[in-house]
Structure formats: structure tokens, C-alpha cells
Amino acid sequence: MGINGQGFGGDLIVVATKNNGKVKEFAHAFAKIGKQIVSLNDYPHIPDIPEDGDTFAANARIKAKAAGDALGVPALADDSGLRVAALDGAPGVYSARYSGEGATDASNNAKLLKELAAIGADLQIPQGESTGNDEAGEVWRLPQDGSKALSPAQFVCALALYDPATGEFVEAEGTVDGVITDKPHGEGGFGYDPLFWLPELGRGMAELSREEKGGISHRGEALRKLLASL
Ligand SMILES: O=c1nc[nH]c2c1ncn2[C@H]1C[C@H](O)[C@@H](COP(=O)(O)OP(=O)(O)OP(=O)(O)O)O1
Ligand SMILES: [Mg+2]
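Residues numbered from 1 in each chain as written. Chains lettered and ligands numbered in written order. Predicted model: local features only at pLDDT ≥ 70, side-chain atom pairs only at ≥ 80, totals over all residues.

Inclusion rule: UniProt positions are given in the numbering used here, feature names are shortened, and annotations may be inferred rather than shown by experiment.
Going by what an unreviewed UniProt entry lists, the protein is known as dITP/XTP pyrophosphatase and is assigned to Paenibacillus oryzae. UniProt, in the comment section headed Sequence similarities (unreviewed entry), describes the protein in these words: "Belongs to the HAM1 NTPase family."

Now the structure itself:
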């Protein structure tokens, strides 16, 4: 794998995303290994890339290939989303456009709560108490502010690194498990983070620092796996 033979050996990495939340997380992660990133926001002439794959991995390959071919250098793409157990895995690959045309993080979060309310989702965990044990035998700690845990959920991140010189992909995937709460917690992160609670940490994803989120997130896990495989 090479950026014209350099792999991630070059100082500049092209990340095929327009999502500034992702950009900040990748910038933080790569700064730690002495690398800067640029994103598709720096190349506005590249047309929007249709994300019509059936899986996160397929969409990551589509975005990496489109950007890599357009720029003539290797590109890293992230396709990610939220799978909610009570909604049979929705919104899944449709996470970014869950609330339709012109969706925003706020409208997507509102739609998520509306769908969960419509089915009466409620894990019925007593307020302010630990739930006892999860499968791994860890104590779950829920918010102490009276919010309810509605459903187990999982963030998924598929990464694809594509080299236009060889046509090759390197891929990795990461996940993180949590629960959706009926009220937001925290000001950090992006997307569905305010509604994603980490019972084993007793904190919300949006309450974590960028460093802490990278240490436990789906994106952090996928990136560590990808870097280890190069
Ligand atoms: O760490 C995360 N914390 C909260 N929410 C997250 C996270 N990671 C993905 N998500 C949500 C945001 C968006 O609703 C969807 C990603 O959709 P996805 O198509 O991969 O990204 P996007 O359209 O925002 O940017 P782009 O395609 O240019 O990379 O999942
Ligand atoms: Mg997208």
C-alpha cells in the first residue's frame, strides 16, 4: 500500500469525508503519530459521492475509491452508523439520512427518539440504580438524572484505505456497545453521541473528551486495527 509508494509514510493523509465530527477525531488520532489530514471539505470540486452500498464496508470502499481516483493519491474513508436493537438494527447504513432529505444530527436524534417512543421501547431499568450485570459480568451504571434507557445499541465504523496506483483496499471495522437514553447527555462528539450512553463507564459518549472517545469508540477501534494491519 502506498501513497505513490509512501503508504501512511507521507505526512499528509486524505480522509474521504465531509463530516467535520469525523475530521476532528481523525485529525486528533493522526496528530499523535505526526500526521496531518485533509478532508473532502478541502477539495470542494470533488462531486458528492453516492453512498448506495448495502453495508458499511461497501460504502467505505465506494467513498475511498471515488476520492482516491479523483485525487490520484491513497484515500481513507469511514462509513459508520448506529444500530439500535429495538429497531431491528435501524438506522444502520441509513444513519446519516434517517430523518430524510436535509437531515441534521438534531433531526436524526429527534427521529430516533420518536421511533423508540412509537414502539414503547424501555429497558425498564430502575432509575438511578445499576442494573446488575451485563453479559460480560460488568456493572451497568445508568444516568442519575432520571433519564430512561430505551434500547441496547451499537456504533459501527468501517474504514477503507484505497490506493489508486494498485487498486488495492485495506479494510478494518470497529464497534462499541451502549444504550440509547431518552434524554441527551454531554456536549462533545457529533451525530448520535448525545443519546448514546456507555453503561460500563457510567458516562455518555458526548461526555467524553476526544482522547477518551478515541480510546473506546468504534472509530478508534477500526483505526487501531487498520494501522496494525499496514
Ligand atoms: O462516532 C459517532 N458518534 C455519533 N454518531 C456517529 C458516529 N459515527 C457515525 N455516526 C453517525 C453520524 C451519521 O448519522 C452516520 C454516519 O454516516 P456516514 O455516511 O458514515 O457519514 P457522513 O455522511 O456524516 O459523512 P461522510 O459520508 O462524508 O463521511 O452515523
Ligand atoms: Mg455519508
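### With respect to the overall build of the protein
For clarity, the cut-off: Elements are defined by DSSP. Helices are runs of H or I of four residues or more, strands are runs of E of two residues or more, and each kind is numbered from the N terminus. The reference for a compact globule is 2.2 Å times residues^0.38; the radius of gyration itself is calculated from the C-alpha atoms. Contacts here follow a simple rule: the backbone-placed C-beta atoms of the two residues must lie within 7 Å.
A tally of regular secondary structure across the protein gives five helices and seven strands. Going residue by residue from the N terminus, the α and β elements of the protein occur as β-α-β-α-β-α-β-β-β-β-α-α. The globule rule puts the C-alpha radius of gyration for 230 residues at 17 Å, and the 18 Å found for the protein is close to it. The long-range fraction of contacts in the protein, counting pairs at least 24 apart against all pairs at least 6 apart in sequence, stands at 61%.

### Things to note about the UniProt feature "binding site: Mg(2+)" (unreviewed entry) in the protein
This is how it is decided: Counting other C-beta atoms within 10 Å of a residue's C-beta gives its exposure: the residue is buried at 20 or more, exposed at 12 or fewer, and partly exposed in between, where C-beta atoms are placed from the backbone.
Annotation from UniProt places "binding site: Mg(2+)" (unreviewed entry) at Asp79. In this structure Asp79 comes out as buried when scored by C-beta crowding, with 27 C-beta atoms within 10 Å. With sequence-adjacent residues up to four places away left out, Asp79 is seen in contact with Glu51, Phe56, Asn59, Ala60, Lys63 and Ala158.

### With respect to helix H1 (residues 20-31)
Note the cut-off: Expected helix span is given by 1.5 Å per residue-to-residue step, counting one fewer step than there are residues. By definition, the arc is the one covered by directions from the helix axis to the C-beta atoms.
Look at H1: 16 Å from first C-alpha to last across 12 residues, which is about the 16 Å you get at 1.5 Å a residue. Here H1 has its buried residues at Lys22, Val23, Glu25, Phe26 and Phe30. The arc enclosing the buried residues of H1, seen along the axis, measures out at 170°, which places them on a common side. Set apart from the buried face of H1 by more than 90 degrees, the exposed residues are Asn20 and Ala31. Turning to H1, the residues buried within the fold contact strand E1 (12-15), strand E2 (36-39), strand E3 (75-84), helix H4 (210-216) and helix H5 (218-229).

### Here's the deal with the pairing of E3
Of all 10 residues in E3, 10 are buried; the element is thus mostly enclosed. Both faces of E3 are covered, namely the face carrying Ala75, Ala77, Asp79, Gly81 and Arg83 and the face carrying Leu76, Asp78, Ser80, Leu82 and Val84.

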